[in-house]
Amino acid sequence: MVWWLVAAAAAWTGCATSGGESGAPVSSESDAATRAQAALTLEPLASCRDAAASLRQAVEEAMNARIDNASRSYLAATGPRCGSAAAFTHVPRDDDPVPFVASAENDADFVASDRQYIYKLERFQGSLRIYAAKPAAQTRLVGEVAVPGLTRQLIVQGDRALVYSDLPSAKLDAAASCRDCQSTPAVSMLLYDLSDRSAPKLLKRLDMRGRLVAARRTDNLVHSVISASLRFERDLALRYFPGDLDPCAPNTDTRAALRAFETLRAQNLEQIRRTNLEANSPWLDADGDHLAPEACRLYRAKDTGTDLMTLVSFDLSEDEPRPTLTSLISQPGVAYVSDKKLYIAADLPSAEHAHATAVHAFGLGSKVPSQYLGSARVKGRVMVASSLDEWQDALRIVTRQGLAFDHPDEDATLSVLSARDGQLELLGVSGGAALNQDLRFVRFEGEHVFVTTSSFTEPVLAFSVRSGIPAFHGALAVPGYTTFMRMLDERHLLTMMCRDLSDLASYAKVDNATYRLLRDVTPGPYTLILEATREV
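Residues numbered from 1 in each chain as written. Predicted model: local features only at pLDDT ≥ 70, side-chain atom pairs only at ≥ 80, totals over all residues. Heavy atoms only, no water.

### Describing the sheet that holds strand 16 (residues 307–315)
Inference 1: Read from one edge of the open sheet, six strands run 2-15-17-16-12-11, paired in mixed fashion. Because the sheet does not close on itself, it has two edges, and the strands there are strand 2 (43–45) and strand 11 (211–218). Between one strand axis and the next, the sheet turns by 20° as a mean value, whatever way the strands run.
Inference 2: Bridge analysis of strand 15 (residues 295–300) against strand 17 (residues 324–330) gives six bridges, and the strand direction is parallel. Paired with Ala295 across the strands is Thr324, a residue of strand 17. (Pairing = 2+ DSSP bridges. Helix = DSSP H or I, 4+ residues; strand = E, 2+ residues; numbered from the N terminus. Axes fitted to C-alpha atoms, helices over the stretch in contact; angles between N-to-C directions.)

Structure, rendered in C-alpha cells:
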C-alpha cells in the first residue's frame, strides 16, 4: 500500500496548477511600504547589561497601553453589561513551547549515531546511554552517565557530546548570582568527553534561564537558541482593571473611574520597578558560578516586546568553552538555525485583524557574536515549528493569516527571503486557494516544499522554489494526513498516510494492548517503534 502511495505522488511535478497561483517577483510598491520596512530594523544596544532596563521599559509601555485600553472600553460602555474584568483588557496566552523539530543531520535530537556507536537520551531516567552499533545483531550497552534535569536533546561530534536538559528553576536559583530573581525555567548544557565510551566524563556545565527552541552544529561550533519570556501575570502580578469598579455595572462617575484606573497604573508601575528583572538578562552560570561571556551583543525590536531570544555559540572541541551571546528583545517568536545564519520569526503586534511576522536574520560567527543582517515583514504568522528552512542562501517560510477554524476564507503564504546588501529582501511569495487550509506540517527537500493540511481529500500540497520564486505544482489526492515525507529521488516522494488509528494496522502489527496505549498517548510528543507488516 505504501508503494501505491509513492506511485500516486510519483508525477507530482507534472500536476495541474489549477486552484493555486504561481508566485511573482515582489518589488517596492510605495514609500509607505519602504517606511514600514525600515521600522523593522533592529536597534543595537550598548551592552547586554542594558537588557533589564530595556525589558523594564517595554513592560511599562505594554502595561500603560493595556490600562488605557481597559479604561477606554469601560468608559465607552453606557448600558449594563455582565462579564469579567478580562473583557476590558487583552491578556496574553501562555503558549505551550513550540515543538522542537530536528530537520537536518547536524540539528540536535534525542538520538545520534556516528556509525560505530548509538547515543540515546533516556528522558525519564535522566541519563545518556551509549550502545555499540556493530555488529548490528550484537548491539549492546557499553556506557551510561546520569544527566541532571529532564533530558531534552543532544549533539555528538567526535569524542564530544553536548546534552541539553530542562532544569528546575529552584536548582538554578540556588547557584545563581541573581538570587532575588523570579523563578523561571532553565536550560542546562552539559559537555561530555567521550574518549572512553564506557565512562563519559563531564567537562563543563552551562546553565541559562529559558527554554531551548533550536540547536545546530557547524563543524565544531554549536549554536543554541534559548528563549526567556516574561509573563506579566505570572512574574509581575499586574492587574488591568480596578478592584473597586464593577465591570457588570454601567459607568456613572467618569472622574472616579479615571482616578481608579490611574491608581491602578501607579500600583503596577511600582510593582514593575520593585521587581528584579536581572533573571531575564542574557547571562550564564558555569558549574554554579556566574560566567562572563567572551562577547555579547544585544538588539531590540522597535515594536518592543518582552521576549528575550539568545543565541549561545561556542566550540565543542574546547575543554573550557568560551561562549559568545547574541540576544534580541522582541515579541514572542520561533527560531531557525542554518549552517550560516540564524532566523528569528516574531509576531508583529497589530490592532487590526491582519496578522504579520517580522523575520530577523543574523550571520553566524565563531569567535565573535553573530552579525545582524536585516529584517523583513511577511504576511501571516508561523503556525508550526517546521515552517522555516534555508536553501541556496534563501529562507523559505510558510505562514498563515488567522486560523482555519475561525477564518476559513484566509489562506497561507509561502515566502522566500534573502539577505542582500545589508537588508533582508523578499524575493517572492505564493498563496491563494492552494493554501486555504489548516496547516499541520511542512517538509523541505532541496528546492521542493511539501505542506500537509487537515484536509482528508488533498492533504499534501507540492511547491518548488527556483531563483527565489515559489510555484504551486499540485495536490496529492490520497485520504488521510501525515507528518512523514521523504524524497526517494528527484521525482518520487515517499509518505505514509493514515486517516485514523485503524489505518495503522496496514503498516504495523498492533495488538489490543498496543492499540490502547496508542489511543491514550496520541496525539502527543511520543515516538513509538512497532513491528512492520509485509505492506512496508
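### Re the state of the cysteines
Inference 1: For the structure shown, the criterion picks out one disulfide.
Inference 2: The residue that forms a disulfide with Cys48 is Cys296, at a sulfur-sulfur distance of 1.7 Å. On the sign convention where negative means left-handed, the S-S torsion of about -85° between Cys48 and Cys296 marks this disulfide as left-handed. Within this pair, whereas Cys48 is found in the loop between strand 2 and helix 3 (51–76), its partner Cys296 is found in strand 15, the two being separated by 248 residues in sequence.
Inference 3: Judged by relative accessible area, which is 11%, Cys48 ranks as buried. (Disulfide = S-S within 2.5 Å. Buried < 20%, exposed > 50% of the residue type's maximum accessible area, 1.4 Å probe, protein only.)

### Quick word on the environment of Arg152
Inference 1: In this fold, Arg152 is placed in strand 7 (residues 150–157).
Inference 2: Put simply, Arg152 and Glu122 are 30 residues apart on the chain and 9.0 Å apart in space, counted from C-alpha to C-alpha.

### Digging into the environment of Leu40
Inference 1: Assignment of secondary structure puts Leu40 in the loop between helix 2 (31–38) and strand 2.
Inference 2: Between the C-alpha atom of Leu40 and that of Leu348, which follows or precedes it by 308 residues, the distance is 9.5 Å.
Inference 3: Look past the residues within four positions of Leu40 in its chain and what remains in contact with it is Leu348, Ala358, His360, Tyr372, Ser375, Ala376 and Arg377. (Contact = heavy atoms within 4.5 Å.)

### Quick word on the packing of aromatic side chains
Inference 1: Overall, the coordinates contain eight aromatic pairs when judged by the stated rule.
Inference 2: Taken together, a centroid distance of 5.6 Å and an interplanar angle of 45° make the contact between Tyr299 and Tyr372 tilted. Residue Tyr299 is located in strand 15, and its partner Tyr372 is located in strand 21 (residues 371–379); the two are separated by 73 residues in the primary sequence. For the pair formed by Tyr299 and Tyr372, the shared burial category is buried.
Inference 3: Members of the aromatic cluster, joined through ring pairs, are Tyr74, Phe241 and Phe261. (Phe/Tyr/Trp six-rings, centres within 6.5 Å; stacked < 30°, edge-to-face > 60°.)

### Digging into the sheet that holds strand 5 (residues 127–132)
Inference 1: The strand order 3-4-5-6 describes an open sheet built from four strands, whose pairing is antiparallel. What marks the edges here is a single partner per strand, and that holds for strand 3 (111–113) and strand 6 (140–146). Neighbour-to-neighbour, the strand axes of the sheet open up by a mean angle of 20°, direction not taken into account.
Inference 2: The pairing of strand 5 with strand 6 spans six bridges and is classified as antiparallel. Following the sheet pairing, Tyr131 is matched in strand 6 by Leu141.

### Brief notes about the pattern of salt bridges
Inference 1: All told, the structure shown has 23 salt bridges when counted by the stated rule.
Inference 2: Glu318 is the salt-bridge partner of Arg322, the closest N and O atoms lying 3.1 Å from each other.
Inference 3: Arg322 sits in the partly exposed class, given a relative accessible area of 45%.
Inference 4: In this structure, the salt-bridge partner of Asp347 is Arg381, at a minimum N-O distance of 3.1 Å. Of this pair, Asp347 sits in strand 19 (residues 341–347) while Arg381 sits in the loop between strand 21 and strand 22 (388–391), and the two are 34 residues apart along the sequence.
Inference 5: Take Asp347: its relative accessible area is 27%, and that puts it in the partly exposed class.
Inference 6: Look at Arg381 and you get buried, because its relative accessible area is 17%.
Inference 7: Here the salt bridges do not stand alone but share partners, grouping Lys120, Glu122, Arg129 and Glu144 into one network. (Salt bridge = Lys/Arg side-chain N within 4 Å of Asp/Glu carboxyl O.)

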